[in-house]
Every structure is written in structure tokens, then in C-alpha cells.
Amino acid sequence: MKLTLYGLKQTRSVRPQWLMEELGLKYEMVNINIFKGEGFMKSYRKIHPYGLLPALDIDGQIIFESGAICHWLTDMYPEKALAPAIGTPLRAKYEQWMFFVTATLEPYAWHFMLHSKIYRK
């Protein structure tokens, strides 16, 4: 299986990159500097229609969103036991907290970052 991760340090692409390292997977890393507008290149918009990071190419099949990529990776390698088994009560709690982080907790952290680091420049 050929894996190509499109990402950049200091973005959410660190999540699946870290996970792939933990899983011991071989992958290619392609840096897309969205801070310099590279996400808007036509070639990259074919990979991620919104020009955002991360995106993972799995043998020509593209998925994006760091949480979705991480879920897919842990489900593909259940023997590594990085996520509870599908169909178990513990998996339901795992899913709850995975979605809580991105849907409820993270927006506050992002707004803090915007107002304290990005907008102040």
C-alpha cells in the first residue's frame, strides 16, 4: 500500500503523521505550505477541494480531515491496539471523545490562537 501524506508542520497534519510513525508505516510526506498559498494551487485542489491540510493518498484514493485519517489508520491496523475494537462499548466512548475534541474543544483553542498569535501580527 502506497501512502502519501500532504501536510505541514504546525498544522493538523501532525496528527496522522505522528500516528503513522507510531504504526511504523512507510509513507511519503509532501509539504504544502498553506501559509504561502500553496493550498490554492490547481494541482493540490484536485487532492483537497478546499485546499486545506491534511490529505492522505492511499493508492490513489484520497481522504482528508485529520480525525478521519487517524480513524482509518487505527482501523486498518487493529493488531497495534491503538483504538478499541469496533462494536465494543469502549469503542463508543473512544468515538465520543475523538469527536468531542474536534467539534467542541478545539474551536475554543483555535479562536485563542487566532486572537493571541495570528491576528496580532
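Refer to the structure printed above.
One numbering rule holds for all chains: residues counted from 1, following each sequence as written. Whole-chain, interface and lining totals are the exception, using all residues; otherwise, since this is a predicted model, local features are given only for residues with pLDDT of at least 70 and side-chain atom pairs are given and counted only at 80 or more. The side-chain numbers reported here are obtained from all heavy atoms of the structure, hydrogens and water having been left aside.

K.L.:
Residue-level account of the packing of aromatic side chains, with values.
P.N.:
Here is the rule: rings of Phe, Tyr and Trp (six-membered ring for Trp) pair when centre to centre is within 6.5 Å. Planes less than 30 degrees apart are stacked, more than 60 are edge-to-face, and the remainder are tilted. Under the criterion given, the structure shown has two aromatic pairs. An angle of 50° between the planes, with centres 5.8 Å apart, marks the rings of Y6 and Y44 as tilted. Residue Y6 is found in strand β1 (residues 3-7), and its partner Y44 is found in helix α2 (residues 42-45); the two are separated by 38 residues along the sequence. Judged by relative accessible area, Y6 falls into the buried class, the value being 13%. A ring pair is formed by W97 and F100, whose centres lie 5.1 Å apart and whose planes are at 80°; its orientation type is edge-to-face. Think of it this way: any DSSP run of H or I at least four residues long counts as a helix, any run of E at least two long counts as a strand, and we number them from the N terminus. Partly exposed residues are those whose accessible area sits between 20% and 50% of the maximum for their type, while under 20% is buried and over 50% is exposed, using a 1.4 Å probe and protein chains only.

K.L.:
Now, about helix α1 (residues 14-23): what can you tell me, with residues and values included?
P.N.:
Of all the residues in α1, the buried ones are P16, L19, M20 and L23. One side of α1 carries all its buried residues, which in axial view fall inside an arc of 100°. For α1, the exposed residues lying more than 90 degrees away from the buried face are W18 and E22. Two residues form a contact once any of their heavy atoms are found within 4.5 Å. Tucked into the core, α1 has its buried residues touching β1, β3 (55-58) and α3 (66-76). Just beyond α1, the residue with positive phi is G24, at close to 70°. Directions pointing from the helix axis toward each C-beta atom define the arc.

K.L.:
An account of the environment of V30 is needed here, citing residue identities and associated values.
P.N.:
Note that V30 resides in strand β2 (residues 28-31). Overall, V30 belongs to the partly exposed group, its relative accessible area being 22%. Excluding residues within four positions of it along the chain, V30 makes contact with T4, L5, Y6 and G7.

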